[in-house]
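Each chain, letter by letter, is given below.
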Amino acid sequence: MGEVTEVHAQFSFEVLEMGGPDQWRIDRELAGGGSLMDAGVYTATAAHFFADSEAVSVQGETVSEHEAFDEGVDERGVYTVQFENGVTASCSANFTGSYNDWVEVTGTEGTLRIEPAFWFNVDRELTVDRGDWDVTIGAPSVDEVTEEFDHFGYSVLTGTDPEPDGDVGIADIELLEGVYESAETGERVRLD
């Protein structure tokens, strides 16, 4: 793929069909937000991972039109990120759109696409396209929770740090808080 220049990620699913209007995902006190704090954190993690750099600024918007989404709970969110190394990312999260789940990374020599990228316990496809050739590799479903617990247990037993660590989660939350601030002010927000 060459050097990464852009990351694009989308995670969308119909949350009300999964649990109705009284579920935790759209309760601000339990979830901390809405689509961004749930689905958007996955897109933020992907953007950070593939950019391999610290986010320096973000601009975003949120929409809450459906009656189930009260004040402070976003139905949909979209944001762009500028990273320290010049990589840009555009990401979206949606709680009322049809299922859409992918990440695409553009490099100086090709693109990489993972679909689905974020949903759990599903088969995935990884496609690399370099213009003159492309390849798609299928990856079977794994029990991700078991894998995560096994990795954490290994880290405890061996005295090594788990990956990703808590700093990754903090960076993602700071980025999403910047999206909320940007949505409120209409301005690009610097991240320190």
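Right above here is the structure, for reference.
Let us look at the structure shown here. Just so it is clear, the structure is predicted and the values come from calculations on it, not from any experiment. (Residues numbered from 1 in each chain as written. Predicted model: local features only at pLDDT ≥ 70, side-chain atom pairs only at ≥ 80, totals over all residues. Heavy atoms only, no water.)

When strand β7 (residues 124-129) meets strand β8 (residues 134-139), the two strands line up antiparallel, connected through six bridges. Paired with E125 across the two strands is G138, which belongs to β8. In this structure, the hairpin formed by β7 and β8 is closed by a connection of four residues, where G131 is found at a positive phi of approximately 85°. (Pairing = 2+ DSSP bridges. Helix = DSSP H or I, 4+ residues; strand = E, 2+ residues; numbered from the N terminus.)

The sheet built from nine strands is open, its strands ordered β8-β7-β6-β5-β1-β4-β3-β2-β9 with mixed pairing. The open sheet has two edge strands, β8 and β9 (189-190), and neither has a second partner. Of the pairings in the sheet, the one linking strand β5 (residues 100-107) to strand β6 (residues 111-115) comprises four bridges and is antiparallel in character. Among the inter-strand pairings, T106 is bridged to a residue of β6, identified as T111. Most of the contacts of helix α5 (residues 166-185) go to strand β2 (residues 55-63), to which it runs at about 55°, and overall it touches β2, β3 (76-83) and β9. (Contact = heavy atoms within 4.5 Å. Axes fitted to C-alpha atoms, helices over the stretch in contact; angles between N-to-C directions.)

Judged from the eight bridges that link them, strand β1 (residues 4-12) and β5 form a sheet pairing that is antiparallel. Across the sheet, A9 pairs through a bridge with V103, a residue of β5. Of the strand pairs in this sheet, β1 and strand β4 (residues 88-94) are connected by seven bridges, and their pairing is parallel. Paired with S12 across the strands is N94, a residue of β4.

Turning to α5, a few remarks are in order. Given 3.6 residues per helical turn, the α-helix brings residues three or four places apart onto the same face. Taking 1.5 Å per residue as the helical rise, α5 with its 20 residues ought to reach 28 Å, and the 29 Å between its terminal C-alpha atoms agrees with that figure. Buried residues of α5: A171, D172, L175, L176, G178, V179 and S182, and no others. In a view along the axis of α5, the buried residues occupy a sector of 150°, so they form one face of it. In α5, the exposed residues that point more than 90 degrees away from the buried face are G166, D167 and E184. The elements touched by buried residues of α5 are α3 (35-51), β2, β3 and β9. N-cap assignment for α5: the residue whose side-chain oxygen lies 3.1 Å from the backbone N of D167 is D165. A positive backbone phi angle near 80° is found at G186, which sits one or two residues after α5. (Expected span 1.5 Å × (residues − 1). Buried < 20%, exposed > 50% of the residue type's maximum accessible area, 1.4 Å probe, protein only. Arc of directions from axis to C-beta. Polar contact = N/O pair within 3.5 Å; in protein donor to acceptor, adjacent residues only side chain to side chain.)

With that settled, the discussion passes to a negative patch on the surface. A surface patch of negative charge is lined by E54, E84, D161, E163, D165 and D167. Positionally, E163 belongs in the loop between α4 (144-158) and α5. (Patch = residues over 30% accessible without salt bridge, like charges linked within 9 Å, V, L, I, M, F, W, Y side chains within 5 Å. Areas by Shrake-Rupley, 256 points an atom, 1.4 Å probe, with all protein chains shown as cover. Salt bridge = Lys/Arg side-chain N within 4 Å of Asp/Glu carboxyl O. Lys, Arg positive; Asp, Glu negative; His and termini not counted. Charge placed at Lys NZ, Arg CZ, Asp CG, Glu CD.)

At a minimum axis distance of 9 Å, the contact between α3 and α5 shows a crossing angle of 115°. Note on packing geometry: the crossing formed by α3 with α5 is right-handed. For the pair α3 and α5, contact is made by L36, M37, G40, V41, A44, T45 and H48 and by V168, A171, D172, I173, L175, L176, V179 and Y180, respectively. Taken together, the residues that form the contact of α3 with α5 break down as 11 nonpolar, three polar and one charged. (Left-handed = near helix turned anticlockwise from the far one by under 90°. Nonpolar A, V, L, I, M, F, W, Y, C, P; charged D, E, K, R; others polar.)

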